[in-house]
Every structure is written in C-alpha cells, then in structure tokens.
Amino acid sequence: MEVTKRRPLRTANGTKEEPAQWGRAWEVDWFSLISVVGLLCFAPFIVYYFVMACDQYQCSVTQPVLELFQGETTLLSIWSRTPSFTWSAAKIYTAWVAFQVFLYMCVPDVLHKFLPGYVGGVQDGARTPAGLVNKYEINGLQCWVITHALWLANAHYFHWFSPTVIFDHWIPLMWCTNILGYAVSTFAFLKAYLFPTNGVDCKFTGNLFYDYMMGIEFNPRIGKWFDFKLFFNGRPGIVAWTLINLSYMAKQQELHGHVTNSMILVNVLQAIYVLDFFWNEAWYLKTIDICHDHFGWYLGWGDCVWLPFLYTLQGLYLVYHPVQLTAPHALAVLSLGLVGYYIFRSTNHQKDLFRRTEGSCSIWGQKPKYIECAYRSADGGLHHSKLMTSGFWGVARHFNYTGDLMGSLAYCAACGFGHLHPYFYIVYMTILLVHRCVRDEHRCSSKYGKDWKRYTDAVPYRLIPGLF
Ligand code: NDP
C-alpha cells in the first residue's frame, strides 16, 4: 500500500522537469517506511551495544541482556558507566577528517603515472538517471598510502602519539563520528531543498523519514570537486578501517605482550579488502553506492559511524580475547578468505572488462555470451546495454556478493568460536547483500523491463546456484 504520492520535480531554478523513471523508489510502501524508521531508531543503538559490550562485558552480547532481565543492572547504570564525549577525542577526530579532506581536495593523484594497471586521476562516473556523466578525482589509493606511511613513521620514528590512540579513545570517538554522521546527513537533506547540485537527479517521495534516510540528491557536491558520496563512501571510514585494526594490534601487544595469529589474519584479510577498494576506486564509480544510491543518512551516517565501528568488531574482540588459532584452523580461515576474495574480485573484474570492451573480450578463454538490452533516461534518450551470461555472471546473478560473504565469514571465523560478538559481521553482511541483491534486481527490472526477464531466465539463481 502506498503512503505517499510521487510529486512533480522541482529543479534549482524552480522549473518543472520530467524526472528519470528508474533509480531509487519514488513511492514509499508501509514496509519500507517501517524499516526506515526502525533503522533510524535502532542502528545507533546497535553500534553502541556492540562497542559497550566489549567495554563493560568482555564482548559478551548476551550478558548485558541477562543482567537486565535478572535485575542485576539497569539501562541507566550501563549508560552511566559508558565513557562520555571528550574534547581530546573531538580534537583527534576533527584533525582526522580535516586531514582526509585536505588529501582528497588538495593532493591530485600522481600514483596512476607510476603504477602500471592502476586507474587514478580524473575519471568519469556512470550516467545518472537524468543522463549526466559526472567527473571525479580518483586519489583514494594515494590518500591511503600517505596516511599509512605517516602512521608507520609515527609508530617507528616520531612517536607524536601512541599507536593505541584509536582504541584508547574508542567510545568518545564514537560520539564524535555520530555528530558528523548526523550533521552531514541533515546538511545533505536541507541542501537538496535549498541548493541542490543537480535538481533533475533529485528524488522527493514527500515522506520526510524516507527522504532523510535514503537521500534526495543523487550526487551532492560543494564546488566542482567535493563529492559527498565519493568522499564519505571511501574516506574517512575506509581509510580508517586499516588504521583502526593496526591500533587494535598495538593494544593487544601492549596488554598481552604478544600479537596472536588471529589478529594478524584479521589485519591481513581486511587490509587486502581495503586495498582492493582503493586500487579499484575508479571502478567503484560504477557500483550501486555511487551510481544508483542517493546521498542521505544511509550513506552519510553509515559511512561515518556504522562502517568504522561495526566492520572492525573482530579486531576489537581480539583485544579482549587474544585467540591463538591452531595451524589447521588458521590455514582454513586464510584459504576461505583468499578464495572468497578471488571470487569477489574476479566476478567484479569480469563485469568491468565486459562492459569496458562492450563484450569484445575473453571470459574463461571464450568470447562472452550476453543479452542485448535497451533503456531510456529521463531526457528521453534511448540507450543500449548488455547483460553478460558467461563466466561467474552465468553461475549466479550476484556471485560477487557470494565471494564477499565468504571473505566476511573468514574474518569472523578467525576469532574462534568462544563468543557471538565477532559473528555479527557475517549476519549483517548477509542481510545487507541479500537486500541489496533484491533492491538491485528490482531496479534492473524497471530499467530493462522484458530484457531483464530474459536474463533471469538464462541465469536463474541469485547467489548460490541451485539454492538461492
Ligand atoms: P554490482 O557490481 O554487482 O553491480 C550491479 C549492477 O551491474 C547492476 O545494477 C547492473 O547495472 C549491472 N549488471 C547486473 N548484472 C549484470 C550482468 N550480467 N552483466 C553486466 N552487468 C550487469 O553491485 P554492487 O555495486 O552492489 O557491488 C559491487 C561490489 O561491492 C560487490 O562485489 C559487493 O560485494 C561489494 N560491496 C561491498 C559492501 C560492503 O559493505 N563491504 C557493500 C556493497 C557492495 P547496469 O544498470 O549498469 O546494467
């Protein structure tokens, strides 16, 4: 059932224009609305709960609930024991974000001139529903390298700050990231009404909760180059991911006198994933986050808070529980992580190669098979595209997600089987990627119509052949 109606599109100069037909939803059903309000209310508490559980209950996620039910503690007492906001955390976080803005805006990429195969510098994004193609400065790998070089130089030579600094201010930092997450989401929401970057690509459902959460503007920018989606999606959250893990490793060393093989595995496997992200940043311009999602609380708050706090739970857990894995267990985790990464990367690479060469390439030693598709953009333009049915894209419609899930399971399994806490990540990733798969297919179906049906007939499974 609909609760809101589509309304005419207002552009920045007040004229009415015909909006694009595909992209994120125009109308909000009750289920979406309840999910959105539920997420807005509960997601901050989920982050708080998992971080607090380590701080106060040695990472037990059941103990706080049991104590509450048995009357041994109260919500007020848990809250009063939680470290509060501090100005030293605020200074650290402000310096961190300012440094990332500086690197993003003021240090154009030079790595692409030296690294064979790396695509950096000014690159085109995907065509928006309104038919625009934005330009982006791709310098994420360079920002990551500079940031980590400075971190390592500090740890080994300068000693300006302790390598455990992030862990030591973890909960006060959580309050700071929330302030930025809410501020940037609210700013993006108001900006869409007051001074949108590109009015034709805005989407108003008329439902405030949905618009705030899922975003109105497609590609909000300040000036020509400060792109909200590219900046918040990649930095400061993903650059911080590996630094946070390094800080956990330093804390484990400080507290227990050694670093466990599980901590090394988590650091290495997640660093591969992060480096892959930056190596392929130009390619990420063509993924759903950048080329289909609008910028709202889901991306703004999610990138500032959810990602750095919940994607790093394994390292946090290992500070409190320094698990030393047996050699077969460690080997099994490493193999699962590397095979998952191989599937994830190869599947993404196959699609990228196929799309770049318009099908004139070789996939698994053969010319790829595909289905020809047509779609229209808002300006009425007729465009053509191809959906590949060869390689991993013929095995399942989102085998890249399957590889991603295998890698995610490996991070969790590196923590042993003592607690549920580090397994939150695989549960979350499964929900995220299954939901994303359904969302993406809904979008593709409205974009390609009967051509999408031909594709789903040719490749009937989504993630696991024969099962789903
Ligand atoms: P995909 O890279 O799978 O892109 C989906 C798009 O690809 C579709 O919308 C369609 O776009 C096109 N497409 C679909 N099928 C085919 C086909 N057979 N042949 C050619 N093109 C096709 O999705 P995502 O952007 O979601 O994911 C990118 C990667 O990022 C994934 O590997 C995912 O695992 C990872 N990821 C990780 C997250 C994390 O938090 N760790 C979060 C989200 C993603 P078009 O309109 O161009 O046809």
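Residues numbered from 1 in each chain as written. Predicted model: local features only at pLDDT ≥ 70, side-chain atom pairs only at ≥ 80, totals over all residues. Heavy atoms only, no water.

## Quick notes on the site of the ligand
Item 1. Not every one of the 28 residues close to the ligand is listed here, only the nearest: Tyr 401, Asp 404, Asp 440, Arg 443 and Tyr 448.
Item 2. One of the side-chain nitrogen or oxygen atoms of His 398 is found 3.3 Å away from an oxygen atom of the ligand.
Item 3. Residue Arg 436 places a side-chain N or O atom 2.6 Å away from an oxygen atom belonging to the ligand.
Item 4. Where the shell around the ligand is concerned, the elements lending two or more residues are helix 13 (281–284), helix 17 (327–356), strand 8 (382–388), helix 19 (399–413) and helix 20 (424–448).
Item 5. It is helix 20 that contributes the most residues to the shell around the ligand, eight residues altogether.
Item 6. Grouping the amino acids of the shell around the ligand by side-chain chemistry returns 15 nonpolar, five polar and eight charged. (Near = heavy atom within 4 Å. Polar contact = N/O pair within 3.5 Å; in protein donor to acceptor, adjacent residues only side chain to side chain. Helix = DSSP H or I, 4+ residues; strand = E, 2+ residues; numbered from the N terminus. Nonpolar A, V, L, I, M, F, W, Y, C, P; charged D, E, K, R; others polar.)

## Examining the side chain of Asn 154
Item 1. Mapped onto the fold, Asn 154 is located in helix 6 (residues 140–158).
Item 2. Under the relative-accessibility criterion, Asn 154 is labelled buried at 1%.
Item 3. One polar contact links the side chain of Asn 154 to the main-chain carbonyl oxygen of Phe 161, over a distance of 2.8 Å.
Item 4. Excluding residues within four positions of it along the chain, Asn 154 makes contact with His 159, Trp 160 and Phe 161. (Buried < 20%, exposed > 50% of the residue type's maximum accessible area, 1.4 Å probe, protein only. Contact = heavy atoms within 4.5 Å.)

## With respect to the pairing of strand 3 (residues 121–127)
Item 1. One ladder, built from five bridges, connects strand 3 with strand 4 (residues 133–138); its direction is antiparallel. Within strand 4, the position partnered with Gln 123 by the bridge is Tyr 136. (Pairing = 2+ DSSP bridges.)

## Examining the packing of aromatic side chains
For any pair of aromatic rings, the description rests on two quantities: the centre-to-centre distance and the angle between the ring planes.
Item 1. For the structure shown, the criterion picks out 48 aromatic pairs.
Item 2. Here the aromatic rings of Tyr 48 and Trp 79 are separated by 5.5 Å at their centres, their planes lie at 50°, and the arrangement is tilted. Here Trp 79 lies in helix 3 (residues 75–81) and Tyr 48 lies in helix 1 (residues 30–57), a separation of 31 residues in the sequence.
Item 3. We classify Tyr 48 as buried; its relative accessible area is 12%.
Item 4. A ring pair is formed by Phe 50 and Phe 424, whose centres lie 4.5 Å apart and whose planes are at 45°; its orientation type is tilted. Pair noted here: Phe 50 is in helix 1 and Phe 424 is in helix 20, with a separation of 374 residues, a long-range link. Each member of the pair Phe 50 and Phe 424 is classed as buried.
Item 5. The ring of Tyr 136 is capped by Arg 221, whose NZ or CZ atom sits 4.7 Å from the centre of that ring. (Phe/Tyr/Trp six-rings, centres within 6.5 Å; stacked < 30°, edge-to-face > 60°. Lys NZ or Arg CZ within 6 Å of the ring centre and 35° of its normal.)

## Considering the state of the cysteines
Item 1. This model, assessed by the stated rule, comprises one disulfide.
Item 2. Cys 54 shares a disulfide with Cys 59; S-S distance 2.1 Å. Disulfide Cys 54-Cys 59: torsion about the S-S bond near 110°, hence right-handed. Note on accessibility: Cys 54 and Cys 59 belong to one class, buried.
Item 3. Cysteine Cys 106 remains unbridged, with the sulfur of Cys 143 as its closest cysteine sulfur at 10 Å.
Item 4. For Cys 304, which is in no disulfide, the shortest distance to another cysteine sulfur is to Cys 176 and amounts to 12 Å. (Disulfide = S-S within 2.5 Å.)

## Focus on the environment of Glu 67
Item 1. Locating Glu 67 in the fold gives a position in helix 2 (residues 63–69).
Item 2. Excluding anything up to four places from it in sequence, Glu 67 contacts Tyr 57, Glu 72 and Thr 73.

## Focus: the side chain of Ser 262
Item 1. For Ser 262, the position within the fold is in helix 12 (residues 261–279).
Item 2. On the accessibility criterion, Ser 262 (0% relative accessible area) is buried.
Item 3. In this view, Ser 262 contacts Leu 318, Val 323, Leu 325 and Ala 414; residues no more than four positions away in its chain are not counted.

## Quick notes on helix 12
Item 1. Over its 19 residues, helix 12 runs 26 Å from end to end, which matches the ideal 27 Å to within 8%, given 1.5 Å per residue.
Item 2. Where burial is concerned, most of helix 12 is hidden: 14 out of the 19 residues are buried. (Expected span 1.5 Å × (residues − 1).)

## Observations concerning the packing of helix 11 (residues 237–256) against helix 15 (residues 297–310)
Item 1. Close contact between helix 11 and helix 15 brings their axes to 9 Å; oriented N to C, the two are set at 25°. Relative to helix 15, helix 11 is oriented roughly parallel. With respect to the hand of their crossing, helix 11 and helix 15 are arranged in right-handed fashion. Of the residues in helix 15, those touching helix 11 at Gly 237, Ile 238, Trp 241 and Ile 244 are Asp 303, Leu 307 and Pro 308.
Item 2. A breakdown of the residues in the contact of helix 11 with helix 15 according to their chemical character gives five nonpolar, one polar and one charged. (Axes fitted to C-alpha atoms, helices over the stretch in contact; angles between N-to-C directions. Parallel < 35°, antiparallel > 145°, perpendicular 65-115°, else oblique. Left-handed = near helix turned anticlockwise from the far one by under 90°.)

## Some remarks on the pattern of salt bridges
Item 1. Summed over the entire model, instances satisfying the criterion amount to 14 salt bridges.
Item 2. Notably, a salt bridge pairs Asp 276 with Arg 345, separated by 2.6 Å at the nearest N-O pair. Taken together, the residues Asp 276 in helix 12 and Arg 345 in helix 17 connect sequence positions 69 residues apart. Both residues of the pair, Asp 276 and Arg 345, count as buried.
Item 3. Between Arg 439 and Asp 293 there is a salt bridge; the shortest N-O distance is 3.0 Å. Residue Arg 439 is located in helix 20, and its partner Asp 293 is located in the loop between helix 14 (288–291) and helix 15; the two are separated by 146 residues in the primary sequence.
Item 4. Overall, Arg 439 belongs to the partly exposed group, its relative accessible area being 23%. (Salt bridge = Lys/Arg side-chain N within 4 Å of Asp/Glu carboxyl O.)

## With respect to the nonpolar core
The tendency in soluble globular proteins is for nonpolar side chains to be buried side by side.
Item 1. Trp 170, Trp 306 and Tyr 311 are the most contacted members of the largest nonpolar core, which has 113 residues in total.
Item 2. For this core, the element with the highest residue contribution is helix 1, accounting for 11 residues.
Item 3. Ignoring any residue separated from it by four or fewer positions in sequence, one finds Tyr 311 in contact with Trp 241, Gln 270, Trp 306, Tyr 425, Tyr 428, Met 429 and Leu 432.
Item 4. Within the second largest apolar cluster, 15 residues are counted, among which are Tyr 375, Met 388, Trp 393 and Trp 452. (Core = buried A, V, L, I, M, F, W, Y, C linked by side-chain atoms within 4.5 Å.)

## Some words on the packing of helix 12 against helix 19
Item 1. Following both chains from N to C, one finds helix 12 and helix 19 inclined at 155°, their axes separated by 10 Å at the closest point. In this view, helix 12 runs roughly antiparallel relative to helix 19, as classed from their interaxial angle. Here helix 12 and helix 19 pass one another in a crossing that is left-handed. On helix 19, the residues touching Val 266, Leu 269, Gln 270 and Tyr 273 of helix 12 are Asp 404, Ala 410 and Tyr 411.
Item 2. Of the residues in the contact of helix 12 with helix 19, the class split is five nonpolar, one polar and one charged.

Any functional reading would require information that these geometric values do not contain.
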